[in-house]
Amino acid sequence: MMTSSIRYEYPLLRVPASLIIDDWSVVCLNEQGEVEYKKMRKILLSLLDLGVKGKLSLVPCIVSSSGEILGYVNKEIKGLPDNELAETLRLIREKAVKYFDITPEILTHSFVVDTESNKTLSEKEWEWSQSQDLETLTKYIAKALEILKDIGVVANGVTSPCDFGREVEGIYARAVLEAEKKIYGIKLTWYFLNVERCSRRVTPRLMYFDKENKEAVISIPSCSKDHLARSEDPFKSIDNWISEDGSKGRLVDVYRNMSYIIFHTHWWSIQDEESIRALKETIARINRYFNVVWMKCSQIARYFAATKTTKHEVLESNQETRIILKPLFTCENFTLSFEVSKPIRKIEINGRTLIYSTELKPNTWTIMDQRIYLCFNLSKRTVIKVEY
């Protein structure tokens, strides 16, 4: 029976990889508390040159070390010329979104803002979050999403500043969904909170699922600490991710266990030329030694949700087998496999012939070790017909 042999695979039989950039916004504050924007623009441009996909934070509200609100990215920011703000936002909308999901790192990545009075409180966001209920967290997250929506960005997930929401993660996950539904009408969302530095195998997690309403929340974890953070020798530090010969390092360990290669760094870890070159070298090593497909975090979340919630039915006869997939979430490059004991004459997906290829590519099928592998875009109802 084919039924028991059906297996959902990684997309294109490649390990999903994603680069997470934390803490970034249109400006930063130097040691004197002055606003700097040229540095942040330069980092943004360097990220666009990496040739990878992932997530980039955009902190919506800029707050001084004393708690003064300096401005919002959808309005104005003290010390930042309006034309410079407009140019950075243009780069985000027209360039960065091609490679990165843009998410709020909640509202300030600093002091909590009272959304009614628009004044900061004495608590930091991550401390405050641990004792909040669903309604309060939803309202706060929605405020951050609303600001990004106002500048023309679809933020389909969120990033936790520090450990925002960790002690109430179940409530936090649900609050992310409710906020996304309120601002964007999004029913499949994700968040970045957890860093799993020691786990042998690291994968996303389905944190909330409502089959009836077709809603889900995915936790996207990083598999490693930021090895470029405060590094005095960036090229030596990246060996902790992956060595020059590709034989050791944290990313090598998790790759050998077929883990997702999702790792993070911070803008302040890559603010000099040597650190950027070291990050580029890390990416070059990953591409050289690993068989990966670079994906945005939202793409990983969607694919993961599809593999965990899609049910299938198999109808078999002597001449053909039909596999009926009933997904709640669609995705690109959905890949599945099954055992076969007969020569295959033709494979169709929803009436369209799937092309045979010696190497699995989008909209093709191949055979290895008596298993058939298919790659196609998963639609709301997908019928696979295998003719013998």
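Coordinates for the structure precede this section.
Every residue gets a number counted from 1 within its own chain, in the order that chain's sequence is written. The model is predicted, so local features are restricted to residues of pLDDT at least 70 and side-chain atom pairs to those at 80 or more, both for listing and for counting; the totals for chains, interfaces and linings are taken over all residues. Note that water and hydrogens are dropped before the side-chain values are worked out from all heavy atoms of the structure.

1. Remarks on the pairing of strand 12 (residues 188-192)
Moving on, step 1. Residue burial is assigned from relative accessible area. The probe radius is 1.4 Å, only protein chains are included, and a residue is buried under 20% of its type maximum, exposed over 50%, and partly exposed in between. Put simply, DSSP H or I for four residues or longer makes a helix, DSSP E for two residues or longer makes a strand, and each gets a number counted from the N terminus. A large share of strand 12 lies buried, amounting to five of its five residues.
Moving on, step 2. Residues Leu 188, Trp 190 and Phe 192 point to one face of strand 12 and Thr 189 and Tyr 191 to the other, with burial holding for every one of them.
Moving on, step 3. Pairing between strands is defined by DSSP: at least two bridges between the two strands are required. Where strand 11 (residues 157-159) meets strand 12, three bridges bridge the pair, whose relative direction is parallel. Across the sheet, Thr 159 pairs through a bridge with Phe 192, a residue of strand 12.
Moving on, step 4. What joins strand 11 to strand 12 is helix 5 (residues 169-183), and the crossover it makes is right-handed.
Moving on, step 5. Here strand 12 pairs with strand 14 (residues 215-219) via four bridges, running parallel. What sits directly across from Leu 188, in strand 14, is Ala 216. For a crossover, the right-handed case is the one in which the path from the first strand over the helix to the second runs clockwise, viewed with the strands pointing away from the viewer.

2. Side note on the packing of helix 4 (residues 134-150) against helix 5
Moving on, step 1. Two elements in contact, helix 4 and helix 5, have axes whose closest approach is 8 Å; the angle formed by their N-to-C orientations is 45 degrees. With respect to helix 5, the axis of helix 4 lies oblique. The two elements helix 4 and helix 5 cross, and the hand of that crossing is right-handed. On helix 5, the residues that touch Leu 134, Leu 137, Thr 138, Ile 141, Ala 142, Leu 145, Glu 146 and Lys 149 of helix 4 are Ile 171, Tyr 172, Arg 174, Ala 175, Val 176, Glu 178, Ala 179, Glu 180, Lys 182 and Ile 183.
Moving on, step 2. Note on residue categories: nonpolar means Ala, Val, Leu, Ile, Met, Phe, Trp, Tyr, Cys or Pro, charged means Asp, Glu, Lys or Arg, and polar means any other residue, Gly included. Within the contact of helix 4 with helix 5, the residues separate by chemical class into eleven nonpolar, one polar and six charged. Lines fitted to the C-alpha atoms define the axes, with helices restricted to the stretch that makes contact. Angles between their N-to-C directions range from 0 to 180 degrees. For this classification, under 35 degrees means roughly parallel, over 145 means roughly antiparallel, 65 to 115 means roughly perpendicular, and everything else is oblique. Crossing handedness is read from the near helix: turned anticlockwise from the far helix by less than a right angle, it gives a left-handed crossing, and turned clockwise, a right-handed one. Only heavy atoms enter the contact rule, under which two residues are in contact if any of them lie within 4.5 Å.

3. Quick look at a negative patch on the surface
Moving on, step 1. Patch building starts from residues that exceed 30% relative accessible area and form no salt bridge, then joins like charges within 9 Å and nonpolar side chains (Val, Leu, Ile, Met, Phe, Trp, Tyr) within 5 Å. Note that accessible areas follow from Shrake-Rupley with a 1.4 Å probe, and for residues the cover is restricted to the protein chains shown. In the sections that follow, a salt bridge refers to a side-chain nitrogen of Lys or Arg positioned within 4 Å of a carboxyl oxygen of Asp or Glu. Working convention for charge: Lys and Arg count positive, Asp and Glu count negative, and His plus the chain ends are omitted. Where a charge sits is defined by one atom per residue type, namely NZ (Lys), CZ (Arg), CG (Asp) or CD (Glu). Residues Glu 232, Asp 233, Asp 272 and Glu 274 make up a contiguous surface patch of negative charge.
Moving on, step 2. Here Glu 232 shows up in the loop between strand 14 and helix 6 (234-237).

4. Quick look at the sheet that holds strand 20 (residues 346-349)
Moving on, step 1. In spatial order, the strands read 17-18-25-20-21; together these five strands make up an open sheet with antiparallel pairing. Two strands in the sheet have a free side with no partner beyond their single neighbour: strand 17 (311-316) and strand 21 (352-353).

5. Comments concerning the pattern of salt bridges
Moving on, step 1. This structure, assessed with the given rule, holds 23 salt bridges.
Moving on, step 2. The closest approach of N and O atoms between Glu 178 and Arg 174, which form a salt bridge, is 3.1 Å. Here Glu 178 and its partner Arg 174 are both found in helix 5, four residues apart, which amounts to about one turn of the helix.
Moving on, step 3. Classification of Glu 178 by relative accessible area gives partly exposed; the value is 21%.
Moving on, step 4. Across the pair Glu 196 and Arg 205 runs a salt bridge whose closest N-O atoms are separated by 3.3 Å.
Moving on, step 5. Given the relative accessible area of 11%, Glu 196 is considered buried.
Moving on, step 6. We classify Arg 205 as partly exposed; its relative accessible area is 44%.

6. Some words on the packing of aromatic side chains
Moving on, step 1. Pairing of aromatic rings covers Phe, Tyr and Trp, the last counted by its six-membered ring, and requires centre-to-centre distances within 6.5 Å; plane angles under 30 degrees mean stacked, over 60 mean edge-to-face, and any other angle means tilted. One pass over the structure, following the stated rule, counts twelve aromatic pairs.
Moving on, step 2. What links up through ring pairs into an aromatic cluster is the set Trp 128, Tyr 140, Phe 164, Tyr 172 and Tyr 191.
Moving on, step 3. Two conditions define a charge sitting above a ring: the NZ of Lys or the CZ of Arg must be within 6 Å of the ring centre, and it must be within 35 degrees of the ring normal. Between the NZ or CZ atom of Lys 75 and the centre of the ring of Tyr 72, over which it lies, the distance is 5.8 Å.
Moving on, step 4. Seen from the ring of Tyr 388, Lys 342 lies directly overhead, with NZ or CZ sitting 4.7 Å from the centre.

7. Quick look at the packing of helix 1 (residues 38-48) against helix 2 (residues 82-94)
Moving on, step 1. For the pair helix 1 and helix 2, interaxial distance at closest approach is 11 Å and the crossing angle is 15 degrees. Here helix 1 lies roughly parallel to helix 2, going by the angle between them. Once helix 1 is placed against helix 2, the crossing between them reads as left-handed. Contact with helix 1, carried on its side by Arg 41, Leu 44 and Leu 45, involves Glu 84, Glu 87, Thr 88, Leu 91 and Ile 92 of helix 2 and no other residues of that element.
Moving on, step 2. In terms of residue class, the contact of helix 1 with helix 2 is built from four nonpolar, one polar and three charged.

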